[in-house]
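These are the residues of each chain, in order.
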Amino acid sequence: MKKLKFLMTSILAVGMLLGIGVGQSHAEVSTVTVEEGDTLWNIAASHKNITIYDLYEWNPGVNPYNIRIGAEIIVDPGSDWYHTVSAGDTFYNIASIYEDIDLRDLYVLNPNVNPFDLQIGSKVRVKYADFGNEYYTIKEGDTLYSIAMMHADVSLLDLYNLNPGINPLNLQIGLEIRLK
């Protein structure tokens, strides 16, 4: 029995190190049910650290002018969207942990976070929503205006809103910008 116990302990330890048999823990998606009189603004205002822009991104297709009573609105897409700040964390090392984002993305995703005063235990957003988003790769001679003209359902204002921080006077060839 002692040999079996030792063997099982060793197998469990190796399995835990390799991630075998251990499910990944992801927080469930949190939603609210729209009631009469609700707006995206008051839903965002009633949840800490959620902006109306987050709600737009997490709930594609929701018409903010006509939200159906009884509709489920995502107010927290789950824990894999955020990094919990630990002692010594900086935007630079957080960006190096996640392969889909870079330092610039952290600034865009966290406009209200002071990167020089990260609080232990606070959350830093590390993921963009990609619910049917469309992208365009900048080619030589492109301008935001010409890109908007190429896509009938995209305005110049849309391009500015979907690509915060973009410099329209210095579009880099090969840069991907968001269309939708």
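None of the values given here were measured: they were computed from a predicted structure. (Residues numbered from 1 in each chain as written. Predicted model: local features only at pLDDT ≥ 70, side-chain atom pairs only at ≥ 80, totals over all residues. Heavy atoms only, no water.)

Overview of the overall build of the chain
Then step 1. Counting its secondary structure elements, the chain contains seven helices and six strands.
Then step 2. Listed by position from the N terminus, the elements making up the chain come as α-β-α-α-β-β-α-α-β-β-α-α-β.
Then step 3. Across the 180 residues of the chain, 28% fall into the buried class.
Then step 4. Restricting to contacts in the chain with at least 6 residues of sequence separation, those with at least 24 account for 60%.
Then step 5. Approximately 12,700 Å² of the chain is accessible, and the part contributed by carbon and sulfur atoms is 57%. (Helix = DSSP H or I, 4+ residues; strand = E, 2+ residues; numbered from the N terminus. Buried < 20%, exposed > 50% of the residue type's maximum accessible area, 1.4 Å probe, protein only. Contact = heavy atoms within 4.5 Å. Areas by Shrake-Rupley, 256 points an atom, 1.4 Å probe, with all protein chains shown as cover.)

Overview of a nonpolar patch on the surface
Then step 1. Together, Tyr 145, Met 149, Leu 156, Leu 157 and Tyr 160 make up an exposed nonpolar region whose accessible area comes to about 530 Å².
Then step 2. Among the elements of the structure, α6 (144–150) and α7 (156–162) are those that each provide at least two residues to the nonpolar patch.
Then step 3. Top element by residues in the nonpolar patch is α7. It accounts for three residues. (Patch = residues over 30% accessible without salt bridge, like charges linked within 9 Å, V, L, I, M, F, W, Y side chains within 5 Å. Salt bridge = Lys/Arg side-chain N within 4 Å of Asp/Glu carboxyl O.)

Topic: the nonpolar core
Then step 1. Counting 13 residues, the largest nonpolar core has Val 34, Ile 43, Ile 50, Leu 55, Ile 73 and Val 75 as its most contacted members.
Then step 2. A per-element tally of this core places helix α2 (residues 40–45) first, with three residues.
Then step 3. Those residues in contact with Ile 73 that lie beyond four places of it in its chain are Ser 30, Thr 31, Val 32, Val 34, Leu 40, Ile 43, Leu 55, Asn 59, Val 62 and Ile 67.
Then step 4. Ile 147, Ala 148, Leu 159 and Leu 171 belong to the second largest nonpolar core, which has eleven residues in total. (Core = buried A, V, L, I, M, F, W, Y, C linked by side-chain atoms within 4.5 Å.)

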